[in-house]
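# Fold and contact review
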Amino acid sequence: MALLVLLSACAAVAVAAAAASGRGRAGPAAAAVATTASAPTCAPATLDTSARLPGTPLLVTPAPGGFDAMPQTQISFLGAPASRLTNLRVQGIRSGLHTGRLEPYSQGDGASFLPRRPFAAGEEVGVSGDYDGVPFAYGFTVGEPDPIARLPEHGTPAGASGTVWHFHSAPGISPPVLSVTKTSATARRDGDIFMAAYPGPGQTGPTIYDPTGQLVYFKPLPANTFATDVRVQSYRGRRVLTWWQGTISHHGFGLGEGEIYSTAYRHVATVRAGDGLAEDLHELTLTPSGTALITAWKPLYCNLSALGGRAVAGVYDSVFQEIDVRTGLVMYEWDSIEHVPLSATYMPVHGASVAWPYDWFHLNSIAPEGDGSLLISSRATWAVYDLDAATGQIRWQVGGRTPTYAMPSGVQLAWQHDAEPLGPGLFSVFDNGGSPTQKHSLGAVVRIDTATATAAVIHTVQIPTPIYAETQGDLQLLPDGSWWIGWGNVNESSQVSASGAQLFEAHTPAGSESYRTLRYPWGAQPATAPSLTLLIANARSLRAYVSWNGATAVARWRIEAGRSPRALEPVHTFARTGFETTALVPSGAAYYAVEALDARGHVLGSSPPEHALRR
């Protein structure tokens, strides 16, 4: 239901609502505008307050008393149908009365108010209305955005011989080679390998390899566009392929969008961040309700002198958003700077500036847990946090300076990635290492004990030759109990059995890296047709090159030939031997085509007839 929101003529109502939160700044005079002489405070005085609107089931964004909304923010109400919200009024202390519309979420559990114009940086905003006829009023403060330079990475599409694939039948793709240096019977049964190596050599894009390292699927992206987090997920009850794509900044975050594709490699949906932000590369998790959990980075002006930094500087507020995929609306946003103190970080503050904001939190994973809470990982605070999904508040913390559950002396997470729940009180994490007590990377399984308020690493996943992955990386528990490790900025992937035996090792070309590499069973039939290229081999034969990008069930190929496109007969059948298979076929026909056959000989797809003279 769309509503035209009429605003109160009395600005005092909205200002009072903002002041009642206890966390907004006192007014325009107190909201220091970032200039060469000063920078505003970027963190609230009271941390980790509830985003639940008192007296209602609504989780609201920006949160009551929120401190760092962007000027383009929506006002999100998650937790009840839009019809139960009436008489909404929105007032900025500088920007004045705001009209807009209330757009419902496709799940029927809330709505976002979309203002017709942005709010003013640094101002207080009051929100009031009725929920089921009961009045409510609250306020939030708009932050001071830092319009930094993006400093994008650049690709290196060329590659030395043997590092990049080229195919006659697929001339538009040149993906990096995956070299398998160790394998086993177990590893060959555990599904395909999903990754996106960058910045090169070769083209960049989401890539699937089979267990032998042969290419299954590759989608090339435009120059200097990268992909990360290639995964198999479920969207509205169907298996889909997802990834993030966009620009990767030298600062270590992404500016792009998430993609959802079907098992026919057809575009299903694009996921974009809202509230004036761009989607970050670190996470794209789909939920059973048709929403997406994504990360984003919010650059803000900030006075860092209390931490020993510059008074005029910038900070990254690392956030996550829940996006309604169908409508693109922001259902909820969680801001790290409103829940965790800046002093919790292990990131040195020296060097932080307006041009290079302080990356103090670095949110890099979000995972829903069985009880409805969320597990997140903060690289820069060396901590994993469990969040109450109903309030946004931190329920517990493992690692970092002030853990709820303390680890034994000498055991410490450092710069970790990819925290994944394994069951009640149990999670895995890729521990990058680099702390005084751990100089190499490993996978860790952590158990918390609520009775003793302690946490313990009960299992580690390592390989015989230690690797230090300074950035990125992931740890995945496979269905057979073995572990898959993506080594992040080190161009390797490994598989380790439950007992610690190394089962698999592979690497992409030197100079490449992959944020995550993962394994899944995968079956797909492309919407496109198989591809056939014919070249002259000798006076009597043509050499046929055939492929079908993304097809997983092809067992054999059958070449047909004839005098016309409608009069083709089989002339040669041969086994598929890799992404591209080649065979000699007799010359002399006017037209040729190829059919893809499954293991039972059924036709899966056919190429259009090709005129022999057009080869």
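For the structure itself, look to the data block above.
Residues numbered from 1 in each chain as written. Predicted model: local features only at pLDDT ≥ 70, side-chain atom pairs only at ≥ 80, totals over all residues. Heavy atoms only, no water.

### Considering the overall build of the protein
- Counting its secondary structure elements, the protein contains two helices and 41 strands.
- Compactness check: the protein gives a C-alpha radius of gyration of 27 Å against a globular reference of 25 Å for 615 residues, within 12% of the reference.
- Across its three principal axes, the protein shows a C-alpha extent of roughly 90 × 60 × 45 Å.
- The buried share of the protein, taken over its 615 residues, is 58%.
- Counting contacts in the protein only where the partners sit at least 6 residues apart, residues at least 24 apart contribute 58% of the total.
- Here the protein has roughly 23,500 Å² of accessible surface; of this, 54% comes from carbon and sulfur atoms.
- Distance from the positive charge centre (40 side chains) to the negative charge centre (48 side chains) of the protein: 8 Å. (Helix = DSSP H or I, 4+ residues; strand = E, 2+ residues; numbered from the N terminus. Rg over C-alpha atoms; globule rule 2.2 N^0.38 Å. Buried < 20%, exposed > 50% of the residue type's maximum accessible area, 1.4 Å probe, protein only. Contact = heavy atoms within 4.5 Å. Areas by Shrake-Rupley, 256 points an atom, 1.4 Å probe, with all protein chains shown as cover. Lys, Arg positive; Asp, Glu negative; His and termini not counted. Charge placed at Lys NZ, Arg CZ, Asp CG, Glu CD.)

### Some points on the environment of P145
- Note on placement: P145 falls in the loop between β8 (134-141) and β9 (179-182).
- Placed 55 residues apart in sequence, P145 and G200 show a C-alpha to C-alpha distance of 33 Å.
- When sequence neighbours within four positions are dropped, the list of residues in contact with P145 reads M70, P71, A121, P299, L300 and Y301.

### Description of the pattern of salt bridges
- Scanning the model with the defined rule gives 13 salt bridges in all.
- D229 is the salt-bridge partner of R516, the closest N and O atoms lying 2.8 Å from each other. Highlighted residues: R516 in the loop between β32 (502-507) and β33 (518-520) and D229 in strand β13 (residues 226-235), separated in sequence by 287 residues.
- Judged by its relative accessible area of 3%, R516 is buried.
- Taking the shortest distance from any N to any O, the salt bridge between E257 and R272 comes out at 3.2 Å. On the criterion of sequence distance, the pair formed by E257 in strand β15 (residues 254-261) and R272 in the loop between β16 (267-271) and β17 (279-286) is long-range, its members being 15 residues apart.
- A relative accessible area of 22% means that E257 is categorised as partly exposed.
- Through salt bridges with shared partners, a single network forms among D229, R231, E283, D418 and R516. (Salt bridge = Lys/Arg side-chain N within 4 Å of Asp/Glu carboxyl O.)

### Quick look at the pairing of β17
- The element β17 is extensively covered by neighbouring structure, given that eight of its eight residues are classed as buried.
- The turn linking β17 back onto strand β18 (residues 291-302) is made up of four residues, and G290 within it adopts a positive phi angle of 85°. (Pairing = 2+ DSSP bridges.)

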